[in-house]
Amino acid sequence: MSTARRAAARMAAACLVCASSMAVAASVEIHPAGPEVPENLLRIELRFDRPQRLPFDSRRLALLDARGDEIPRALLDLTLPSSDGRRLTVLLDPGRVKRDVGPNVDAGRALVAGETVSLRVLDEQPGRAPTVKTWHVAPALSRPLEVKAWRWRPPRAGSREALVVDLRAPISSTGEALIAVLDGSGRRVAGRTALGPNDAQWRFVPAKPWRREAYRVVAHPDLEDPAGNRRCAAFETLRASAIRCEEAGAGGAEGAEE
């Protein structure tokens, strides 16, 4: 091979490497996915399209006010990653969220109803544009999660069409796997789950076709909404974490139909 051809080959290889590195730049999906969050928001979840370097550098995260200034002491300097490094839970300081607790008395809540806030997530590679998610702040959500209000229509027996559950209000995106479908014998039905628009819809596609029998949708006791409210206790409840819930069945239609 001539010198010119070898040089051209090296340049082509370098271009491929460059293009490859550009292609793997991480993208991130931020939850809550809707346009607003409650004043007492407790957690945010980041879903990356590829694993992140752990431990995650919390300096990549900032909660900003409407002017673009960072809200001081809003986020805990602690992130909770999934085992594969693709999901990350970010906690707002619970002491500022819960009323009449020391940090809340001293500094108030980080979010204020009626204002606008944004989460900025810097890319692992310096110089790349950050990902920004903006929310309107709604009044605090301080009531238990209303599982019994959920509604759905039965899927067709013999099909693998999605069971779509209207949750009536957003749940914490970390709770996607804390909802399940049980068959007539009480066994969990295998399948794929996903959250729908604004984290207020839960979708389930069974691994095998639906049978013509009764099915139940159930919620794990640890299921919460974005403000940390569970079915049996609001986050504001005194000693809420000590209150134990039982597994709950959701209201709505049951069974697969022809």
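To be clear, the structure that these remarks concern was listed above.
Let me sum up the structure you'll find in this document.

With respect to the overall build of the chain
Across its full length, the chain holds three helices and 15 strands. Across the 258 residues of the chain, 42% fall into the buried class. Within the chain, contacts between residues separated by at least 24 positions form 65% of all contacts whose residues are at least 6 apart in sequence. Accessible surface, the chain: about 14,100 Å² in total, of which carbon and sulfur atoms supply 52%.

Here's the deal with the pairing of strand β3 (residues 43–48)
With six of six residues buried, β3 is to be regarded as a mostly interior element. Where burial is concerned, the two faces of β3 agree: the one with R43, E45 and R47 and the one with I44, L46 and F48 are both buried. Where strand β1 (residues 28–31) and β3 come together, four bridges link them in antiparallel fashion. Paired with V28 across the two strands is F48, which belongs to β3.

Some details on the side chain of D225
Tracing the chain through its elements places D225 in the loop between β14 (216–219) and β15 (248–249). No salt bridge is formed by the buried D225; the nearest opposite charge belongs to R43, separated by 6.9 Å. Separated by 3.0 Å, the side chains of D225 and N229 make a polar contact. When sequence neighbours within four positions are dropped, the list of residues in contact with D225 reads R43, L141, R143, L145, P170, I171 and S172.

Rules used in this analysis
Residues numbered from 1 in each chain as written. Predicted model: local features only at pLDDT ≥ 70, side-chain atom pairs only at ≥ 80, totals over all residues. Heavy atoms only, no water. Helix = DSSP H or I, 4+ residues; strand = E, 2+ residues; numbered from the N terminus. Buried < 20%, exposed > 50% of the residue type's maximum accessible area, 1.4 Å probe, protein only. Contact = heavy atoms within 4.5 Å. Areas by Shrake-Rupley, 256 points an atom, 1.4 Å probe, with all protein chains shown as cover. Pairing = 2+ DSSP bridges. Lys, Arg positive; Asp, Glu negative; His and termini not counted. Salt bridge = Lys/Arg side-chain N within 4 Å of Asp/Glu carboxyl O. Polar contact = N/O pair within 3.5 Å; in protein donor to acceptor, adjacent residues only side chain to side chain.

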